[in-house]
Amino acid sequence: MVNTGVVMFAFNTQTVDYVEIAARAAKLITHTLNLPTTLITDIEPASSIKSRFDQVVISNSGLDNRRIGQFESGSEWKNGNRFNAYDLSPYDTTILLDSDYLMLDTSLLTITTMVNDYQIMNDNRVLSTTETQYNMGITSLPYIWATAVVFRKTAKAKMLFDLVGRIQRNYQYYYKLYQVDHDNFRNDYAFTIANRMLNGYATEKTCSMPFKMLTVEVEVESISKHKNMLIIKDKKTAYAVPTQNMHVIDKQYLLSNDYLLFLETLCQD
Amino acid sequence: MSRLTPHQEQRGFATIAQNNADTDYLRLAYLQAMSIKMVMPTEKYAVIVDAETMKGITSQHKRVFDYVIQIDDDTAKGEEWKLSNEWQIGDLTPFKETIKLESDLIFTRSISHWWNTFRLRDVVLSTGCRDYQQQLAASRKYRRVFDDNQLPDTYNGLMYFRFTQTAMTFFRVARMIFQNWETVCSTLKNCRDPHPTTDVVYALAAKLIGVELCTLPSADFINFVHMKPDINRWPEMPWTDTTIFELDLPMVRIGNVNQYHPLHYHEKSWVSDNVIERYENELFR
């Protein structure tokens, strides 16, 4: 029997309680996939948090970083250490997730039954735009998304994570080699570079998820479910999308009572 | 249908290399020949040169040039960009079947299996081109005259022909266009080229004798990577100033992407002494 579970990294910063976000994500994962969850964090969490995961692993965040982007630009960002997921995961087959990835369908469960060593989210669709391809820099290559990675404990998967580690340790070299716009470490870029190296510097999408990720980049006012549709509202617009997994960038929303209420309603279904 | 000289081989690669004040095309042909011998060691290579360029042929060149052929009737004398001899390839090639190349194109892996597909036609012009990420290029910036005149999107950087009526007609038509360019240009929409370019001439020749006779649009792999900047969505400057390259011979990696398709590097200055030396070391070690 293959031992499958979900691993999330969450390191609190001065502005964002990532551990709480991960705990809320774990509730959704248990409800939707019925899989065990493991939290990897740097400080022993309170027992009320611990009880919401099957396992908690203590490990340091590995990197002091600053965010560049739409939300919390310039704020603290503890995004290192992801390359240790291979060694720290207690599962034979792991779904490695960002804590801001909401598990609303079972598509990743299907991926765990496939034979690939690892699969990464290759394509992204942003809710409020039509742009679909993102490059690491003006003259650089498109990047993939480390938001969701499914891997098995195989030699090739280990090589992927080892490479990500090497890239993190030598990021000042790799960001120049790949002509990345910013020199702050980003897991998406490190996984992109490692994945390319591992697949013969080719452009084929050999280790990609067969579907797109949906990212919600707007400041969310509310999310609700109506029959098979999700209604996502920002200050100006309501978006209706079929129920599916979502990458929600707005951390303040994920910590709000409105989201908690949505979660509880959903998990009662 | 006649030839002055009998064919020497069944098949092979050929290029026309005529040096001018700016570019040592013989050097580019030498690199091209080395790249071919590296990945397709049994394939033959012919270089067609004018009398002046012939003087530059060395014993080192002859290690990879199976045939060196001199153009007797040089119609490009006095031209800076010597293209008007291109039509002569049909008569001068030593091969019954020829893959004709522009000199600034190299190979990183064998395309010997393409011969089988080429044989579906007497003439095959490569159609479309690719960016360095190996994707079919969408840019039309350099192809406005083609679009304005509804010409096929063909490139002469890599083409196939065999000694047939169709091929000889194709080159005869190309010759007429080269030699009557002023008149031809005046009949085209938005034609601003004072001198004929081979891409436009061959596209016109294809249209005149029948596009269906000299293209294979369903074989969408018969094309090459083109390093002109806009094709790669890069600013208008030499690509060598925009991105990096690595030689992992026979592979060439540009911008961290392996160039599996034939590579039309276009930027002649890319062929530095170091690049030549790396190929020589790899091939002749």
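Keep in mind it's a predicted model, so treat the numbers as computed, not measured.

Engineer: Outline the overall build of chain B, supporting the account with residue identities and numerical values.
Structural biologist: Looking only at helices and strands, one finds twelve helices and twelve strands in chain B. For a compact globule of 285 residues, the expected C-alpha radius of gyration is about 19 Å, and chain B comes in at 18 Å, within 12% of that figure. The principal-axis extent of the C-alpha atoms belonging to chain B is close to 50 × 45 × 40 Å. The buried share of chain B, taken over its 285 residues, is 43%. Put simply, of all contacts in chain B between residues at least 6 apart along the chain, 78% involve residues at least 24 apart.

Engineer: Residue-level account of unusual backbone geometry, with values.
Structural biologist: Following Leu 249 of chain B, the chain continues to Pro 250 of chain B via a peptide bond in cis, the omega torsion being 5 degrees. In this fold, Pro 250 of chain B is placed in the loop between strand 9 (245–248) and strand 10 (251–254). Positive phi values are uncommon outside glycine, yet Tyr 201 of chain A reaches one of about 55 degrees. Here Tyr 201 of chain A lies in the loop between helix 7 (187–198) and strand 11 (213–216). At Gln 150 of chain B, a residue that is not glycine, the phi angle is positive and equals roughly 50 degrees. Mapped onto the fold, Gln 150 of chain B is located in the loop between helix 6 (144–148) and strand 7 (154–162).

Engineer: I'd like a description of helix 1 (residues 25–39) of chain B, backed by residues and values.
Structural biologist: Since one α-helical turn is 3.6 residues long, residues separated by three or four positions face the same way. All names here are of chain B. For helix 1, which comprises 15 residues, the first-to-last C-alpha distance of 21 Å matches the rise-based estimate of 21 Å (1.5 Å per residue) to within 8%. With twelve of its 15 residues buried, helix 1 lies for the most part within the structure. Along helix 1, the positions that sit buried rather than exposed are Tyr 25, Leu 26, Leu 28, Ala 29, Tyr 30, Leu 31, Gln 32, Ala 33, Met 34, Ser 35, Ile 36 and Lys 37.

Engineer: Would you mind going over the sheet that holds strand 11 of chain A in detail, with residue names and values included?
Structural biologist: All names here are of chain A. The four strands are arranged 7-15-11-9 in an open sheet whose pairing can be described as mixed. The sheet terminates laterally at strand 7 (101–102) and strand 9 (124–126), the two strands that pair on one side only. The pairing of strand 9 with strand 11 spans three bridges and is parallel. Following the sheet pairing, Asn 124 is matched in strand 11 by Met 213.

Engineer: Could you give me a rundown of the confidence of the model for chain A, with the residues and numbers involved?
Structural biologist: Note that predicted coordinates carrying low pLDDT should not be read in detail. Summing up the model confidence of chain A, the mean pLDDT is 92 and the portion of residues at 70 or higher is 95%. The secondary structure element of chain A with the lowest average pLDDT is strand 4 (residues 65–66) of chain A, at 70, and the one with the highest is strand 6 (residues 93–97) of chain A, at 98.

Engineer: Summarise the packing of helix 5 (residues 155–169) of chain A against helix 7 of chain A; cite the residues concerned and give the values.
Structural biologist: In a pair of packed helices, the angle between the axes and the distance between the axes together describe the arrangement. Residue and element names in this part refer to chain A. Direction vectors running N to C along helix 5 and helix 7 enclose 130 degrees, while the axes themselves pass 9 Å from each other. Considered as vectors, helix 5 and helix 7 are oriented oblique to each other. Considering how the two elements wind past one another, helix 5 and helix 7 form a crossing that is right-handed. For the pair formed by helix 5 and helix 7, the contact residues are Lys 156, Met 159, Leu 160, Leu 163, Val 164, Ile 167 and Gln 168 on the first element and Ala 190, Phe 191, Ile 193, Ala 194, Asn 195, Met 197 and Leu 198 on the second. Among the residues forming the contact of helix 5 with helix 7, the class breakdown is eleven nonpolar, two polar and one charged.

Rules of the game
- Residues numbered from 1 in each chain as written.
- Chains lettered and ligands numbered in written order.
- Predicted model: local features only at pLDDT ≥ 70, side-chain atom pairs only at ≥ 80, totals over all residues.
- Helix = DSSP H or I, 4+ residues; strand = E, 2+ residues; numbered from the N terminus.
- Rg over C-alpha atoms; globule rule 2.2 N^0.38 Å.
- Buried ≥ 20, exposed ≤ 12 C-beta atoms within 10 Å, placed from the backbone.
- Contact = placed C-beta atoms within 7 Å.
- Expected span 1.5 Å × (residues − 1).
- Pairing = 2+ DSSP bridges.
- pLDDT = per-residue confidence, 0-100.
- Axes fitted to C-alpha atoms, helices over the stretch in contact; angles between N-to-C directions.
- Parallel < 35°, antiparallel > 145°, perpendicular 65-115°, else oblique.
- Left-handed = near helix turned anticlockwise from the far one by under 90°.
- Nonpolar A, V, L, I, M, F, W, Y, C, P; charged D, E, K, R; others polar.

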